[in-house]
Amino acid sequence: MIERTLTGRPPEPRLPKGAVDAQMHMYRPGYPALPGGPPLPAEPLPDAAAYRQVMDWLGIDRVIITQGNAHQKDNANLVACLAEMGDVARGVAVIDEATSDADMRTLGEAGVVGARLMDLPGGAVGLDALEAVDARTQAAGWMIAVQFDGNRLLDHLPRLERIRSRWVLDHHGKFFAGVDPEGPEIAALLKLIDRGNVWFKFAGVYESSRDGWPYADVAAFSRRIAEHAPERIVWGSNWPHNMIRKTEDYPNDARLAELVLSWLPTERARHQALVENPEQLFKLPAPAAA
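How each quantity is defined
Residues numbered from 1 in each chain as written. Predicted model: local features only at pLDDT ≥ 70, side-chain atom pairs only at ≥ 80, totals over all residues. Heavy atoms only, no water. 1 Å grid on protein atoms, 1.4 Å probe; cavity = no way out; pocket = protein on both sides within 12 Å on 5 of 7 lines; lining within 4 Å. Points joined across faces, edges and corners; volume = space filled by probe spheres on them. Axes fitted to C-alpha atoms, helices over the stretch in contact; angles between N-to-C directions. Helix = DSSP H or I, 4+ residues; strand = E, 2+ residues; numbered from the N terminus. Parallel < 35°, antiparallel > 145°, perpendicular 65-115°, else oblique. Contact = heavy atoms within 4.5 Å. Nonpolar A, V, L, I, M, F, W, Y, C, P; charged D, E, K, R; others polar. Phe/Tyr/Trp six-rings, centres within 6.5 Å; stacked < 30°, edge-to-face > 60°. Buried < 20%, exposed > 50% of the residue type's maximum accessible area, 1.4 Å probe, protein only. Left-handed = near helix turned anticlockwise from the far one by under 90°. Core = buried A, V, L, I, M, F, W, Y, C linked by side-chain atoms within 4.5 Å. Salt bridge = Lys/Arg side-chain N within 4 Å of Asp/Glu carboxyl O. Pairing = 2+ DSSP bridges. Right-handed = clockwise from strand over helix to strand, strands pointing away.

Focus on the layout of surface pockets
Inference 1: Within this model, the largest pocket holds a volume of roughly 420 Å³.
Inference 2: Lining the largest pocket are 24 residues; nearest its centre among them are P38, N69, M118, N242 and M243.

In structure tokens, the structure reads:
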């Protein structure tokens, strides 16, 4: 069991109308973990009812639900969660070259707008499938969420430059070994972003920071990227923080959001990251008028 805080003092400044949480996971009962992935998150299962409380607390209006690694290539839980959340939610699924055109259409009708690649332990589909997945997402008008050890970015650069779909580099780049904001990896990433189809996601900072709170190591290069291209940053809560297994280690989502969003250079950049940029990346409709 783990106690997840679901309410409290909201972030300051408040999130703008139409704010999008571009990275989180959600689970329904009846969908067990599959071989090859991690276990389901600690009980109680982080479901739609719990996340709606988080939305109310943080001021989130729209959400991108990402397929959890526990379910590997079976998107049934994701589809069920999208149905339960309704029109405020869209999904990022797991597909590969074997996914049929009929399954792509079914996923799209369910609200899926992207595919996930995770070239790290527990990921269902890695970079070996990059070109095949890119062909499928390009044809469908979807985006790709790409996650790998960012310290190998220069090794993967030629293939990343050839991606035709819109795509986002996940989780602050996952620079596990640390990276110099003025070093070659960030320089290469900025050139990638300048190609026009690449975004950078502020989410899960604690997964790659070596320093711990307030994550000064990740803050330094994240600020560099945000200053260079504020129109290419998106933000995600990474709820329910699946790597955290003990209540005493569980983050306060409002304080975490305050910290990470403070790395954006201006109020205008903050609005872009929370509203406009995710609309472009995920092809979301504009938020309903109040």
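Now that the structure has been shown, the text picks up again.
A short note on the packing of helix α5 (residues 153-161) against helix α6 (residues 184-193)
Any two packed helices are characterised by how steeply their axes cross, that is the angle between the axes, and by the distance between the axes.
Inference 1: In the contact formed by α5 and α6, the axes pass within 10 Å of each other and the chain directions differ by 10°. What the angle tells us is that α5 and α6 run roughly parallel. In contact with L153, L154, L157, L160 and E161 of α5, α6 contributes P184, E185, A188, L189 and L192.
Inference 2: Its residues placed into classes, the contact of α5 with α6 shows eight nonpolar, no polar and two charged.

What to know about the packing of aromatic side chains
Inference 1: Applying the stated criterion across every chain yields a total of five aromatic pairs.
Inference 2: Aromatic pair F200 and F202: ring centres 6.1 Å apart, planes at 90°, arrangement edge-to-face. The same class applies to F200 and to F202, which are both buried.
Inference 3: A ring pair is formed by W213 and Y215, whose centres lie 5.7 Å apart and whose planes are at 75°; its orientation type is edge-to-face.
Inference 4: Three or more aromatic residues joined by ring pairs make a cluster, and in this case those are F200, F202 and W263.

Details of the packing of α6 against helix α7 (residues 216-228)
Inference 1: For the pair α6 and α7, interaxial distance at closest approach is 11 Å and the crossing angle is 30°. In this view, α6 runs roughly parallel relative to α7, as classed from their interaxial angle. Judged by the twist between their axes, the crossing of α6 over α7 is right-handed. Contacts from I186, L189, L190 and I193 in α6 reach F221, R224, I225 and H228 in α7.
Inference 2: Split into classes, the residues belonging to the contact of α6 with α7 amount to six nonpolar, one polar and one charged.

Focus on the nonpolar core
Inference 1: Ranked by internal contacts, the top residues of the largest apolar core, which has 83 residues, are Y51, I65 and W235.
Inference 2: If you tally residues by element for this core, the top one is helix α1 (residues 48-58), at seven residues.
Inference 3: Ignoring any residue separated from it by four or fewer positions in sequence, one finds I65 in contact with M24, M26, L78, C81, L82, M85, A89, R90, G91 and V92.
Inference 4: In terms of nonpolar packing, the next biggest core, distinct from the first, is built from 13 residues, V20, A22, W199 and F282 among them.

Brief notes about the pattern of salt bridges
Inference 1: Tallying each qualifying case throughout the model produces 16 salt bridges.
Inference 2: Close ionic contact of R224 with E182 constitutes a salt bridge, the shortest N to O distance being 3.3 Å. With a gap of 42 residues between them, R224 in helix α7 and E182 in the loop between β6 (166-169) and α6 connect regions that are remote in the sequence.
Inference 3: The exposure class of E182 is exposed, given its relative accessible area of 59%.
Inference 4: For the salt bridge of E258 with R255, the shortest nitrogen-to-oxygen distance reads 3.0 Å. Here R255 and E258 lie together in helix α8 (residues 253-261), a separation of three residues that amounts to about one turn.
Inference 5: Among the charged side chains, a network of salt bridges with common partners joins R9, R255 and E258.

What to know about the pairing of strand β1 (residues 20-24)
Successive side chains on a regular strand alternate, one facing one side of the sheet and the next facing the other.
Inference 1: Here β1 lies mainly inside the structure; five of its five residues are buried.
Inference 2: Sheet topology note: the β1/strand β2 (residues 62-66) ladder contains three bridges and is parallel. Directly across from M24, in β2, lies its bridge partner I65.
Inference 3: One crossover worth recording links β1 to the parallel β2 by way of α1, and it is right-handed.

Some remarks on the pairing of β6
Inference 1: Residues R166 and V168 of β6 are buried on one face, and the alternating residues W167 and L169, pointing to the opposite face, are buried as well.
Inference 2: Pairing of strand β5 (residues 143-147) with β6, which is carried by four bridges, proceeds in the parallel orientation. Residue pairing in the sheet places V146 in a bridge with L169 of β6.
Inference 3: Considered for its hand, the β-α-β crossover made up of β5, α5 and β6 is right-handed.
Inference 4: Two strands pair when backbone bridges link them, and β6 and strand β7 (residues 198-202) are joined in this way by three bridges, in the parallel orientation. Bridging across to β7, W167 finds its partner in V198.
Inference 5: Considered for its hand, the β-α-β crossover made up of β6, α6 and β7 is right-handed.

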